[in-house]
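Chain residues, written in single-letter form:
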Amino acid sequence: MSQGIAAPRTPLHQFTVPLSATRRGARLARLLATEQLGSWGLPLDPARLIVAELATNAVVHGRVPGRGFRLTLTVTVDGVLRIEVTDPRGESAPVARDAPPEPAESGYGLLLVEESADRWGVPPGPFPCKTVWAELEAGRFR
């Protein structure tokens, strides 16, 4: 995991949508990402899995009553797909960890993101928010 933000790249395609911090909002994030990736002619996986995990984390761990989260998908001219999920809980940054020692219903999301993405990170801010991002290189999704 990288703590910083990757260098900005020139966008070829970009999609941003605000969503409610509910289970329905997380499900809608996955469905909208699926539709958008399809309209760009890109394969759905593993991007769909990454969106689902990051959106679920935003709802479960980044929720502030009355505030939603934002999903952004960007495809750059050099063929990188960047997935960003921004939530209002900047003080609770996710931390990569090993799998839980005992079987559990949760705790595996960031492990899946780490295994699926070429790189991911959580830069600080903009206050009071945080953005968790993951990137896939062209060879991984084309």
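Residues numbered from 1 in each chain as written. Predicted model: local features only at pLDDT ≥ 70, side-chain atom pairs only at ≥ 80, totals over all residues. Heavy atoms only, no water.

### Here's the deal with helix H1 (residues 23-39)
Taking 1.5 Å of rise per residue, 17 residues should cover 24 Å, and H1 covers 24 Å from first to last C-alpha, within 8% of that figure. Along H1, the positions that sit buried rather than exposed are Gly25, Ala26, Ala29, Ala33, Thr34, Gln36 and Leu37. Backbone geometry just downstream of H1 places Gly41 in the positive-phi region, at approximately 75°. (Helix = DSSP H or I, 4+ residues; strand = E, 2+ residues; numbered from the N terminus. Expected span 1.5 Å × (residues − 1). Buried < 20%, exposed > 50% of the residue type's maximum accessible area, 1.4 Å probe, protein only.)

### With respect to the side chain of Glu135
With respect to the secondary-structure elements, Glu135 resides in strand E5 (residues 130-136). Side-chain polar atoms of Glu135 contact the side chain of Arg119, separated by 2.6 Å. (Polar contact = N/O pair within 3.5 Å; in protein donor to acceptor, adjacent residues only side chain to side chain.)

### Side note on the nonpolar core
Membership of the largest hydrophobic core comes to 31 residues, with the highest contact counts inside it found for Ile50, Leu54, Phe69, Leu71, Leu73 and Ile83. Elements that contribute at least two residues to this core include exactly strand E1 (11-19), H1, helix H2 (47-61), strand E2 (69-76), strand E3 (81-87), helix H3 (109-116) and E5. No other element matches the seven residues that H2 contributes to this core. Contact partners of Leu54, with chain neighbours within four places excluded, come to Ile83, Val85, Leu110, Val113 and Val132. (Core = buried A, V, L, I, M, F, W, Y, C linked by side-chain atoms within 4.5 Å. Contact = heavy atoms within 4.5 Å.)

### Things to note about the pairing of E5
Most of E5 sits inside the fold, with seven of its seven residues counted as buried. Judged by which residues are buried, E5 turns out to be covered on both faces: Lys130, Val132, Ala134 and Leu136 on one side and Thr131, Trp133 and Glu135 on the other are all buried. The sheet contact formed by strand E4 (residues 119-121) and E5 spans three bridges and is antiparallel. Within E5, the residue paired with Gly121 across the bridge is Trp133. (Pairing = 2+ DSSP bridges.)

### Here's the deal with a nonpolar patch on the surface
A surface patch of nonpolar side chains, about 220 Å² in accessible area, is lined by Leu49, Tyr108 and Leu112. For Tyr108, the position within the fold is in the loop between E3 and H3. For Tyr108, a relative accessible area of 32% puts it in the partly exposed group. (Patch = residues over 30% accessible without salt bridge, like charges linked within 9 Å, V, L, I, M, F, W, Y side chains within 5 Å. Areas by Shrake-Rupley, 256 points an atom, 1.4 Å probe, with all protein chains shown as cover. Salt bridge = Lys/Arg side-chain N within 4 Å of Asp/Glu carboxyl O.)

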